[in-house]
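One letter stands for each residue in the lines below.
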Amino acid sequence: MLTRLRESPFLAKLRHFGSQLKPSSIKTFALLFAVGFSLSLTVSACTPTTQQTNRTTAPTSAATSVASSKSQESNVIRIGYQKYGTLTLLKSRGSLEKRLASQSTSVQWVQFPAGPQLLEALNAGSIDFGHTGEAPPIFAQAAGAPLLYVANEPPNPKGEAILVAKDSPIQDVAGLKGKKVVFNKGSNVQYLVVEALRAAGLKYSDIQPIYLPPADGRAAFEQGNVDAWAIWDPFFTVAKRATGARILKDGEGLVANREFYLAAKPFNEQYRDRIKAILEELQKVDQWAVTQPTEVAKLLSPELGIDVPTLEEISRRRPYGVQQITGEVVTYQQKVADTFLDLKLLPKPIKISEVAQVTKQ
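All values reported here derive from a predicted model rather than from experimental measurement.

(A) Here's a closer look at the overall build of the chain. When helices and strands are tallied, the chain shows 15 helices and twelve strands. Per-residue burial over the chain gives 55% buried out of 361 residues. Looking at the chain alone, contacts between residues at least 24 apart form 79% of all its contacts between residues at least 6 apart. For the chain, the exposed surface amounts to about 15,500 Å²; the carbon and sulfur share of it is 52%.

See the structure below:
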């Protein structure tokens, strides 16, 4: 059930950028804005869930200033997480809650289907901390979201891929010319598609991009309505095992596919000790997970509704470890941002260095 809708500051900023675009760019921006609006509906609707002891509906952007103010005055940390990642493990183990209990601070967990939705909530003041892949914070920064990169996980290029049906005649990326490729707009896999096409001597305009979130993307893929699907774990491995889909190209040699930890700037300025606690507990979970892939799978299976063997495969392949932001990582992120700008998918130039908490070497 939807609440009464109001345009969030995030979408207002996008609309402002659209008014400044050249006529040739209006069509592209219109699609970007439409996707942004749909994500805003997702956050405003009763789809994300939060958890302290019980699950409730996440706050909408209509109550942004009030929610943000209350959070900063109270002993509650609001953490946005996606279906898979170290934050999911941290939530399942409950170690952060135990650490913060002595400070009378609780944790509120808010689940999102993908990074763009999570960052819309961060921009709206509905969460304080979260994680996404490489692309979502780039689009969010361009739209004025008050985010800060505080840490990252190691590169995981094999954690995402372009899939084709097992009986597809397409044998390489060059075979995607003129074909329909589905993926979540503004996500890591969009950059994977761009780089894979470039390596094959094709342009982004050589394919027909279809923008759908993971669940809808899988449906379109299985029904044969698209020719290929670019997707990340755990959706990637689940679909591959369930459908027998072939990996046309994963990210190896093309993209880093890092997971970033991001904080709202106001929260970082006021509660750096809390961010430090989150990152330290994440590191402890990573150190445990790297040697316990089977236990990781057993822990997450009830939470995610995915069978243990599939999750164990993902865990064994995935690198673990919380890392500080370095100049090299900022340079790579800037390359991703510049690529989207060149494709006229980003409304204006941005500087990653302005929102990255870089470790001095």
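(B) How the structure looks around the sheet that holds strand 7 (residues 160–164). Spatial ordering of the open sheet is given by 9-8-10-7-11, a layout of five strands whose pairing is mixed. The two strands at the open ends of the sheet, each matched to only one other strand, are strand 9 (208–211) and strand 11 (246–250). Ignoring which end each strand starts from, the neighbouring axes of this sheet average 30 degrees apart. Across four bridges, strand 8 (residues 180–183) lies against strand 9 in parallel orientation. Within the sheet, the bridge partner assigned to Lys180 lies in strand 9 and is Gln208. Docked against the sheet, helix 10 (residues 235–243) engages strand 7, strand 10 (228–232) and strand 11, running at close to 130 degrees with respect to strand 10.

(C) Up close: the side chain of Arg78. Inspection of the secondary structure assignment puts Arg78 in strand 3 (residues 76–81). Since its relative accessible area comes to 5%, Arg78 is described here as buried. Side-chain polar atoms of Arg78 contact the backbone oxygen of Gly125, separated by 2.8 Å. For Arg78, the side chain forms a polar contact with the main-chain oxygen of Ser126, separated by 3.4 Å.

(D) Representation of helix 15 (residues 327–342) in the model. Taking 1.5 Å per residue as the helical rise, helix 15 with its 16 residues ought to reach 22 Å, and the 22 Å between its terminal C-alpha atoms agrees with that figure. Regarding helix 15, the residues found buried are Val329, Val330, Tyr332, Gln333, Gln334, Val336, Ala337, Thr339 and Phe340. The inward-facing, buried residues of helix 15 contact helix 7 (135–142), strand 6 (147–152), helix 8 (188–199) and strand 12 (260–264). Within two residues after helix 15, Lys344 carries a phi angle of roughly 60 degrees, on the positive side.

(E) Structural view of the nonpolar core. Counting 103 residues, the largest nonpolar core has Phe129 and Tyr149 as its most contacted members. Apart from the residues within four sequence positions on either side, Tyr149 is in contact with Pro137, Ile138, Phe260, Tyr261, Leu262, Ile325, Gln333, Ile352, Val355, Ala356 and Gln357.

(F) A look at the side chain of Thr86. Relative to the elements of secondary structure, Thr86 occurs in helix 4 (residues 86–93). Judged by its relative accessible area of 0%, Thr86 falls in the buried class. Those residues in contact with Thr86 that sit more than four places away from it in its chain are Glu153, Glu259, Tyr261, Leu282, Val285, Asp286, Arg318 and Tyr320.

(G) Structural view of empty space enclosed by the protein. Evaluated as defined, the whole model comprises three cavities of 30 Å³ or more. Approximately 440 Å³ is the volume found for the largest cavity. Partitioned by chemical class, the residues of the lining of the largest cavity number nine nonpolar, eleven polar and eight charged.

(H) Layout of the packing of helix 9 (residues 214–222) against helix 10. It is the contact of helix 9 with helix 10, at a shortest axis distance of 12 Å, that shows an interaxial angle of 25 degrees. In terms of their interaxial angle, helix 9 and helix 10 are classed as roughly parallel. In this structure, the crossing between helix 9 and helix 10 has a hand that is right-handed. Where helix 9 abuts helix 10, its residues Pro214, Arg218, Phe221 and Glu222 lie against Phe235, Val238, Ala239, Ala242 and Thr243. The class makeup of the residues in the contact of helix 9 with helix 10 is six nonpolar, one polar and two charged.

(I) Layout of the pairing of strand 3. Counting buried positions along strand 3 yields six of six residues, so the element is predominantly enclosed. Of the two faces of strand 3, the one holding Val76, Arg78 and Gly80 and the one holding Ile77, Ile79 and Tyr81 are both buried throughout. Bridge count between strand 3 and strand 4 (residues 106–111): six bridges; the pairing is parallel. Paired with Ile79 across the two strands is Trp109, which belongs to strand 4. The sheet contact formed by strand 3 and strand 5 (residues 129–132) spans two bridges and is parallel. Bridged to Ile79 within strand 5 is Phe129.

The rules we used
Residues numbered from 1 in each chain as written. Predicted model: local features only at pLDDT ≥ 70, side-chain atom pairs only at ≥ 80, totals over all residues. Heavy atoms only, no water. Helix = DSSP H or I, 4+ residues; strand = E, 2+ residues; numbered from the N terminus. Buried < 20%, exposed > 50% of the residue type's maximum accessible area, 1.4 Å probe, protein only. Contact = heavy atoms within 4.5 Å. Areas by Shrake-Rupley, 256 points an atom, 1.4 Å probe, with all protein chains shown as cover. Pairing = 2+ DSSP bridges. Axes fitted to C-alpha atoms, helices over the stretch in contact; angles between N-to-C directions. Polar contact = N/O pair within 3.5 Å; in protein donor to acceptor, adjacent residues only side chain to side chain. Expected span 1.5 Å × (residues − 1). Core = buried A, V, L, I, M, F, W, Y, C linked by side-chain atoms within 4.5 Å. 1 Å grid on protein atoms, 1.4 Å probe; cavity = no way out; pocket = protein on both sides within 12 Å on 5 of 7 lines; lining within 4 Å. Points joined across faces, edges and corners; volume = space filled by probe spheres on them. Nonpolar A, V, L, I, M, F, W, Y, C, P; charged D, E, K, R; others polar. Parallel < 35°, antiparallel > 145°, perpendicular 65-115°, else oblique. Left-handed = near helix turned anticlockwise from the far one by under 90°.

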